[in-house]
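If you want the building blocks of each chain, they are given just below.
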Amino acid sequence: MASEAASAGAFELVLFCAVISMSLGFMNLLPIPPLDGGRILVEIVQVLIASSHLSMRVQTIIGYAGLAFFLFIFIVVLRNDIVRFVIG
């Protein structure tokens, strides 16, 4: 896709790069714990609770749960790609 955008002209290539950058920024703000959006979500929860902060142990467990979610999604997508490639 990048080569197609580059062959279409400089403006199209810059537009393509901008779309990828915005997509990555949006993905980073998803409320999944290892991402920045997850950190923002934890801070919001701490403000709403207001009586105490979440312990480091709880924050670590939330982070591991987010990483497990990413691993699960990675395996599912990889499996789908392999099945699509083999089956055709």
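Predicted model, so just to flag it, every value in this text is computed and none were measured.

Thresholds applied
Residues numbered from 1 in each chain as written. Predicted model: local features only at pLDDT ≥ 70, side-chain atom pairs only at ≥ 80, totals over all residues. Heavy atoms only, no water. Phe/Tyr/Trp six-rings, centres within 6.5 Å; stacked < 30°, edge-to-face > 60°. Helix = DSSP H or I, 4+ residues; strand = E, 2+ residues; numbered from the N terminus. Buried < 20%, exposed > 50% of the residue type's maximum accessible area, 1.4 Å probe, protein only. Contact = heavy atoms within 4.5 Å. Salt bridge = Lys/Arg side-chain N within 4 Å of Asp/Glu carboxyl O. Expected span 1.5 Å × (residues − 1). Patch = residues over 30% accessible without salt bridge, like charges linked within 9 Å, V, L, I, M, F, W, Y side chains within 5 Å. Areas by Shrake-Rupley, 256 points an atom, 1.4 Å probe, with all protein chains shown as cover.

**Concerning the packing of aromatic side chains**
Phase 1: In the structure shown here, the tally under the stated rule is one aromatic pair.
Phase 2: Ring centres of phenylalanine 69 and phenylalanine 70 lie 6.4 Å apart, and the angle between their planes is 50°; this geometry places the pair in the tilted category.

**A word on the environment of isoleucine 87**
Phase 1: Take isoleucine 87: it is sitting in helix H4 (residues 56-87).
Phase 2: Accessibility expressed as a relative area gives 71% for isoleucine 87, which makes it exposed.
Phase 3: Sequence separation between isoleucine 87 and serine 51 is 36 residues, and the spatial gap between their C-alpha atoms is 55 Å.

**Brief notes about the environment of isoleucine 32**
Phase 1: Mapped onto the elements of the fold, isoleucine 32 is located in the loop between helix H2 (10-28) and helix H3 (36-49).
Phase 2: Ignoring any residue separated from it by four or fewer positions in sequence, one finds isoleucine 32 in contact with Gly37, Gly38, Gly66, Phe69 and Phe70.

**Observations regarding the pattern of salt bridges**
Phase 1: According to the stated counting rule, one finds two salt bridges in the structure shown.
Phase 2: Arginine 39 is paired through a salt bridge with glutamate 43; the nearest N and O atoms lie 2.4 Å apart. Of the two residues, arginine 39 and glutamate 43 both sit in helix H3, four residues apart, roughly one turn of that helix.
Phase 3: The exposure class of glutamate 43 is partly exposed, given its relative accessible area of 33%.
Phase 4: Aspartate 81 is the partner of arginine 84 in a salt bridge, and the nearest nitrogen-oxygen pair spans 2.7 Å. Highlighted residues: arginine 84 and aspartate 81, both in helix H4, separated by three residues, approximately one helical turn.
Phase 5: Owing to a relative accessible area of 36%, aspartate 81 belongs among the partly exposed residues under this scheme.

**Topic: H4**
Phase 1: With 32 residues, H4 should cover 46 Å at 1.5 Å per step; its first-to-last C-alpha distance of 46 Å lies within 8% of that length.
Phase 2: Looking one or two residues past H4, glycine 88 carries a phi angle of roughly 100°, positive in sign.

**Some details on the side chain of glutamine 46**
Phase 1: Relative to the helices and strands, glutamine 46 is located in helix H3.
Phase 2: Assessed through its relative accessible area of 7%, glutamine 46 is described here as buried.
Phase 3: Beyond its immediate chain neighbours, meaning those up to four positions away, glutamine 46 contacts Ser52, His53, Leu54 and Gln59.

**Quick look at a nonpolar patch on the surface**
Phase 1: Together, Leu71, Phe74, Ile75, Leu78, Ile82, Val83, Phe85, Val86 and Ile87 make up an exposed nonpolar region whose accessible area comes to about 980 Å².
Phase 2: Within the fold, phenylalanine 74 resides in helix H4.

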